[in-house]
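# Structural overview for review
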Amino acid sequence: MNFVRKERYTIEDLLAVMEALRSPEGCPWDREQTHASLRKCFLEETYEAVEAIDTGDVSLLEEELGDVLFQVVFHAQLEKEKGSFDFGDVVNGIAAKMVLRHPHVFGTVSVEGTEDVLRNWDAIKQKSKQQKTQRQVLESVSKALPALMRAQKLQRKAGAGLEPQQAAAQAEECLLQLKKGETSQEEKSDALGRLLFAAAGLAEALHTDAEEALTRACGAFIEGFPAEEEKEKT
């Protein structure tokens, strides 16, 4: 294999590495992979990058962003082999999208602040994706998102605009329904789902990210346990 090692590689080198790994003389594992088999890897690499952001570890973030980029290159290579698109098409697509959705930077539109930017973004997105109904807008929210994150995003897209007291009242009503007791496990599960959905609505009303709030609560729960537990006496 005619591959030249370098002190510093470029994106072109990374694409060449990917092609080499997928070639008949390349890596057996890489040649076997599909979009479906790489799905878990993509998620894991993304979450590891998020953890690096959360911990403020810049060196780790650099590494993890590379892992995420490699996943993007891998998926693009799979489609290049099929003749549908390649990495260059991915780059072109996202660059064109950013130019289109930032008319206040690349066009003549004026904005007063972040709210105007987000409003324009949503309007341009709906137009480009030909979303004519509210249901189409809601159906565009990815089903692969973590359920709590999806619940909050759905309510944001729906534009419910509840005040915190109203959202809290809805959550309390769902909790009361759950306390009354349901006749079957399925009904209990449905009632719990409504409670969690209402809690996500409350987070939106409080301008708080529900996923991040729950993550902090998980951390606080762990911190409630002693770091070193007393060994059982023998």
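Bear in mind that the values here come from a model prediction, so they are computed numbers and not experimental data.

### Considerations on the overall build of the protein
A tally of helices and strands in the protein yields twelve helices and zero strands. In sequence order, the secondary structure elements of the protein are arranged as α-α-α-α-α-α-α-α-α-α-α-α. What you see for the protein is a C-alpha radius of gyration of 24 Å, clearly larger than the 17 Å of a compact globule of 234 residues, by over 25%. Within the protein, buried positions represent 19% of all 234 residues. Charge separation in the protein, taken as the distance between the mean sites of 29 positive and 42 negative side-chain charges, equals 7 Å.

### Remarks on the environment of Arg 101
Relative to the helices and strands, Arg 101 is located in the loop between helix H5 (87-100) and helix H6 (103-106). By relative accessible area, which is 5% here, Arg 101 ends up buried. Note: C-alpha distance between Arg 101 and Gly 83 (18 residues apart in sequence) is 28 Å. In contact with Arg 101, other than residues within four places in its own chain, are Trp 121, Ile 124, Lys 125, Ser 128 and Lys 129.

### Digging into helix H7 (residues 114-128)
Compared with an ideal rise of 1.5 Å per residue, which puts 15 residues at 21 Å, H7 spans 21 Å between its outermost C-alpha atoms and is within 8% of the ideal. Just downstream of H7, Gln 130 is the residue with a positive phi angle, here 55°.

### Comments concerning a negative patch on the surface
Side chains of Glu 44, Glu 48, Glu 51, Asp 54, Glu 62, Glu 63, Asp 209 and Glu 212 sit close together on the surface and give a patch of like negative charge. Considering each element in turn, the negative patch owes the most residues, four residues, to helix H3 (residues 35-55). Residue placement: Glu 212 occurs in helix H12 (residues 210-223).

### Notes on the pattern of salt bridges
One pass over the full model with this rule turns up eight salt bridges. Note that Lys 6 is salt-bridged to Asp 13, the shortest N-O span being 3.1 Å. With a relative accessible area of 42%, Lys 6 lands in the partly exposed category. Given the relative accessible area of 12%, Asp 13 is considered buried. The salt bridge involving Asp 122 is made with Lys 157; its shortest N-O contact spans 3.4 Å. Separated by 35 residues along the polypeptide, Asp 122 in helix H7 and Lys 157 in helix H9 (residues 147-158) bring together distant segments of the chain.

### Considering the packing of aromatic side chains
What the rule picks out here adds up to three aromatic pairs. With a centroid separation of 5.8 Å and 70° between ring planes, the pair formed by Phe 70 and Phe 74 is classed as edge-to-face. Note that Phe 70 and Phe 74 are positioned in helix H4 (residues 58-82) at a spacing of four residues, about one turn of the helix. The exposure class assigned to Phe 74 is buried, which follows from its relative accessible area of 0%. Arranged with centres 5.3 Å apart and planes meeting at 75°, the rings of Phe 221 and Phe 225 form a pair that is edge-to-face. With relative accessibility at 45%, the residue Phe 225 sits in the partly exposed group.

How each quantity is defined
- Residues numbered from 1 in each chain as written.
- Predicted model: local features only at pLDDT ≥ 70, side-chain atom pairs only at ≥ 80, totals over all residues.
- Heavy atoms only, no water.
- Helix = DSSP H or I, 4+ residues; strand = E, 2+ residues; numbered from the N terminus.
- Rg over C-alpha atoms; globule rule 2.2 N^0.38 Å.
- Buried < 20%, exposed > 50% of the residue type's maximum accessible area, 1.4 Å probe, protein only.
- Lys, Arg positive; Asp, Glu negative; His and termini not counted.
- Charge placed at Lys NZ, Arg CZ, Asp CG, Glu CD.
- Contact = heavy atoms within 4.5 Å.
- Expected span 1.5 Å × (residues − 1).
- Patch = residues over 30% accessible without salt bridge, like charges linked within 9 Å, V, L, I, M, F, W, Y side chains within 5 Å.
- Areas by Shrake-Rupley, 256 points an atom, 1.4 Å probe, with all protein chains shown as cover.
- Salt bridge = Lys/Arg side-chain N within 4 Å of Asp/Glu carboxyl O.
- Phe/Tyr/Trp six-rings, centres within 6.5 Å; stacked < 30°, edge-to-face > 60°.

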